[in-house]
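One-letter residues, chain by chain:
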Amino acid sequence: MILDGKSLATQIELKLKGQVQAISQKLNGTPALATILVGDDPSSATYVRMKGNACKRVGLESIPILLPASTTTEQLLSKIKKLNETPLIRGILLQHPVPKQINERICFDAISVVKDVDGVTSLGFGLMSMGEQAYGSATPKGIITLLEHYKIPLEGKHAVVVGRSAILGKPMAAMLLNKNCTVTICHSKTQNLPHIIKQADIVVGAVGIPELIKTEWLKNGVVAIDAGYHNTPNGAVGDIQKEGLSSICSAYTPVPGGVGPMTIATLIQQTVESASCQFEIGRT
Ligand code: NAP
């Protein structure tokens, strides 16, 4: 089974469009997502543009904020503070990664938890991990939505997450644990990765290395989720080897058209939730 993220993301966006119209009437203005891009990394610029386009498709306002690569932590914090205080801005996205001189964690944590629609704050992560209400990190939350849409059984399954970044691997592991998976997290210091992956009922590639995870490491019938995206001379590939994948897996996400569209749909969905004030923590 192909876990078609593109098609599900389109369905989610269609539903959101109607909701945004109703919310805009109630608010007497169009709610907005502010996207902050620091520097001129072309991939990051593309991701931010795609997020802005998705806002427009559902009727949200997109406010792109472009800051020079020389921006300091203090300057970025001051910008985030202003966005926190602007009522019609219901979501704030700080595109990762930021230039090295900026303390990314401090800046993520400066985002008000009620506007943290990309799920990057330490507070949001803590609440989510505890099973409390909070916006989830967009990529892993999108993956959970996709798995649930296709009714992939999670309870009691052994999930192996390869990667432990703050925005992807760690929240992915916490979300799968909350769904009663037995979770193993692997990283660059993990020994005997193929052996661990062979035990997985569900494997999540969140590494950032093209086709690091080989199909021969996978157990027959595994569910393979690939968050990676890499342009190569032979076309787009993910973190999991493409060749042979369809014959060994019971279900898998295609690259492209799997996890990527679900990340954007989740970001937009959480912005709409924020606009409709469904999330009450911290609101005055
Ligand atoms: P990251 O911050 O670079 O983290 C990569 C993780 O992989 C780290 O935890 C690292 O371990 C681990 N790792 C590196 N080499 C390894 C190896 N040989 N064996 C096992 N683990 C290894 O990357 P990220 O931001 O999480 O992103 C991961 C991938 O997801 C990238 O391809 C990125 O483009 C993609 N991504 C996609 C979306 C989307 O919307 N589709 C969104 C976000 C990210 P250490 O912690 O030990 O260094």
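Just so it is clear, the structure is predicted and the values come from calculations on it, not from any experiment. What you see as residue numbers is a count from 1 along each chain, following the sequence as written. pLDDT decides what is reported in this predicted model: residues at 70 or higher carry local features, side-chain atom pairs at 80 or more are listed and counted, and totals for whole chains, interfaces and linings draw on all residues regardless. The side-chain numbers reported here are obtained from all heavy atoms of the structure, hydrogens and water having been left aside.

Engineer: Describe in detail the pattern of salt bridges, supporting the description with residues and values.
Structural biologist: Where charged atoms from two side chains of opposite charge approach closely, those side chains can pair. The term salt bridge refers to a side-chain nitrogen of Lys or Arg lying within 4 Å of a carboxyl oxygen of Asp or Glu. Throughout the structure, instances matching the rule amount to five salt bridges. Of the charged contacts in the structure, one is a salt bridge between arginine 57 and glutamate 13, with a shortest N-O distance of 2.7 Å. Here arginine 57 is found in helix α2 (residues 42-58), whereas its partner glutamate 13 is found in helix α1 (residues 5-27), with 44 residues between them in sequence. Measuring nitrogen to oxygen at the nearest pair gives 3.1 Å for the salt bridge that ties arginine 105 to aspartate 109. Here arginine 105 pairs with aspartate 109, and both are found in helix α4 (residues 104-110), just four residues apart, close to one helical turn. A simple rule labels every residue: compare its accessible area, found with a 1.4 Å probe on the protein chains alone, to the largest value its type can have, and call it buried under 20%, exposed over 50%, or partly exposed in between. Take arginine 105: its relative accessible area is 30%, and that puts it in the partly exposed class. On the basis of relative accessibility, which here comes to 35%, the residue aspartate 109 falls in the partly exposed class. What counts as a helix is a DSSP run of H or I of at least four residues, what counts as a strand is a run of E of at least two, and both are numbered from the N terminus.

Engineer: Any chance you could break down the site of the ligand for me, citing the residues and the numbers?
Structural biologist: Each residue is tested against the molecule or strand, and it is near if at least one of its non-hydrogen atoms lies within 4 Å. In the vicinity of the ligand lie 24 residues, with Arg164, Ser165, Ser188, Ala227 and Thr263 positioned nearest. Between a nitrogen atom of the ligand and a main-chain N or O atom of alanine 227, the distance comes to 3.4 Å. Between the ligand and threonine 263, the relevant distance is 2.9 Å, taken from an oxygen atom to a side-chain nitrogen or oxygen of the residue. Note on areas: Shrake-Rupley with a 1.4 Å probe; residue coverage comes only from the protein chains shown. Out of a free accessible area of 920 Å², the ligand has 69% covered by protein chains. The leading source of residues in the shell around the ligand is helix α10 (residues 259-275), at three residues. The definition of a polar contact used here is a pair of N or O atoms within 3.5 Å, where within protein one atom must be able to donate a hydrogen and the other to accept one, and adjacent residues in sequence count solely through side-chain atom pairs.

Engineer: Outline the sheet that holds strand β1 (residues 32-38), supporting the account with residue identities and numerical values.
Structural biologist: The three strands are arranged β2-β1-β3 in an open sheet whose pairing can be described as parallel. Since the sheet does not close on itself, it has two edges, and those belong to β2 (61-67) and β3 (89-94), each with one partner. When strand polarity is set aside, the average angle formed by the axes of neighbouring strands in this sheet is 20 degrees. In this analysis, strands are considered paired if DSSP registers two or more bridges between them. Sheet topology places β1 next to β3; five bridges connect them, and they run parallel. Looking at the pairing, alanine 32 lines up with isoleucine 89 of β3. Docked against the sheet, α2 engages β1, β2 and β3, running at close to 170 degrees with respect to β1. The sheet strands contacting α10 are β1 and β3, and the helix crosses β3 at an angle near 145 degrees. Axis definition: a line fitted to C-alpha atoms, limited for helices to the stretch in contact. Angles are taken between N-to-C directions and run from 0 to 180 degrees. Here, residues are in contact when the closest pair of their heavy atoms is within 4.5 Å.

Engineer: So what about the domain arrangement of the protein chain? Which residues, and what values?
Structural biologist: The figure often quoted for interface size is the accessible area lost as the parts come together. Per the domain assignment, the segments making up the protein chain are domain 1 (27-115) and domain 2 (138-260). The source of the domain bounds is an automatic or database domain assignment. A separation of 28 Å is found between the C-alpha centroids of domain 1 and domain 2.

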